[in-house]
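Summary of the model geometry
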Amino acid sequence: MMIGYQETMTTAAATTTTTPVVWRCVQAGLWVASGEHGEPLGIVSENWGRGFAVTTAWGLDLGLHATLPAAKAALENAR
């Protein structure tokens, strides 16, 4: 369980854009992604015991992923 604030920056490896994605863990089991200018990109939420659900800022469901890195990559690759 994560308590507090964590921010990481990654780049999407398989996309045409190389702008960074800023990830913030806003509460246990919930990560929010923003673009380099602060624009919302989407969220990853942990479904305890089932995986990580990914939703874009436009409401597109990107499915349930087995790991957090896979879920983050799905959102980064969808931009």
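Preceding this section is the structure that the text describes.
These numbers come from a predicted model, not from an experiment. (Residues numbered from 1 in each chain as written. Predicted model: local features only at pLDDT ≥ 70, side-chain atom pairs only at ≥ 80, totals over all residues. Heavy atoms only, no water.)

1. Some remarks on the overall build of the chain
Filter applied, for reference: Going along the chain from the N terminus, every DSSP run of H or I of four or more residues is numbered as a helix, and every run of E of two or more is numbered as a strand. Only protein chains enter the accessibility calculation, which uses a 1.4 Å probe. A residue is then buried if its area is under 20% of the maximum for its type, exposed if over 50%, and partly exposed in between. We call two residues in contact when some of their heavy atoms are within 4.5 Å. What sets the accessible areas is the Shrake-Rupley method with a 1.4 Å probe; for residues, cover comes only from the shown protein chains.
Counting its regular elements, the chain contains one helix and six strands. Burial analysis of the chain (79 residues in total) assigns 35% to the buried set. Sequence separation of at least 24 residues holds for 22% of the intrachain contacts in the chain that already meet a minimum separation of 6. A total of about 4700 Å² of accessible surface is found on the chain, and carbon and sulfur atoms cover 58% of it.

2. Observations concerning the side chain of His65
Rule in force here: For the purposes of these results, a polar contact is taken to be a pair of N or O atoms within 3.5 Å, where, inside protein, one atom must be able to donate a hydrogen and its partner to accept one; residues adjacent in sequence count only when each atom of the pair is a side-chain atom.
With respect to the secondary-structure elements, His65 resides in strand β6 (residues 61-65). At 3.0 Å, the side chain of His65 and the backbone oxygen of Leu62 are in polar contact. Leave out the neighbours within four places in its chain, and His65 touches Gly51, Phe52, Val54, Ala70, Ala71 and Ala74.

3. Topic: the nonpolar core
Rules: Residue types Ala, Val, Leu, Ile, Met, Phe, Trp, Tyr and Cys, when buried and joined through side-chain atoms within 4.5 Å, form a set referred to as a nonpolar core.
In this structure, Val21, Trp23, Cys25, Trp31, Ala33, Leu41, Val44, Phe52, Val54, Leu68, Ala71 and Leu75 together form the largest nonpolar core, which totals twelve residues. Those elements that place two or more of their residues in this core are β2 (21-27), β3 (30-34), β4 (40-47), β5 (51-56) and α1 (68-78). Excluding residues within four positions of it along the chain, Val54 makes contact with Ile43, Val44, Leu60, Asp61, Leu62, Gly63, His65, Ala71 and Leu75.

4. Considering the environment of Ala73
Structurally, Ala73 can be placed in helix α1. For Ala73, a relative accessible area of 29% translates into the label partly exposed. Along the chain, Ala73 and Val54 lie 19 residues apart, while their C-alpha atoms are 9.9 Å from each other.

5. So, the side chain of Thr56
Among the structural elements, Thr56 can be located in strand β5. Under the relative-accessibility criterion, Thr56 is labelled buried at 8%. Setting aside anything within four residues of it in sequence, one finds Thr56 in contact with Leu41, Gly42, Leu62 and Leu75.

6. What to know about the pairing of β2
Note the following rule: In this scheme, strands are said to pair when DSSP sees at least two bridges between them.
Relative to β3, β2 is paired through five bridges, and the arrangement is antiparallel. In the sheet register, Arg24 faces β3, and the bridge partner there is Val32. Linking β2 back to β3 in an antiparallel pair, the connection comprises two residues, with Gly29 at a positive phi of about 80°.

7. Digging into the pairing of β5
For β5, the buried fraction is high: five of the six residues fall into the buried class. Counted between consecutive antiparallel strands, the loop separating β4 from β5 contains three residues, among which Gly49 sits at a positive phi close to 85°.

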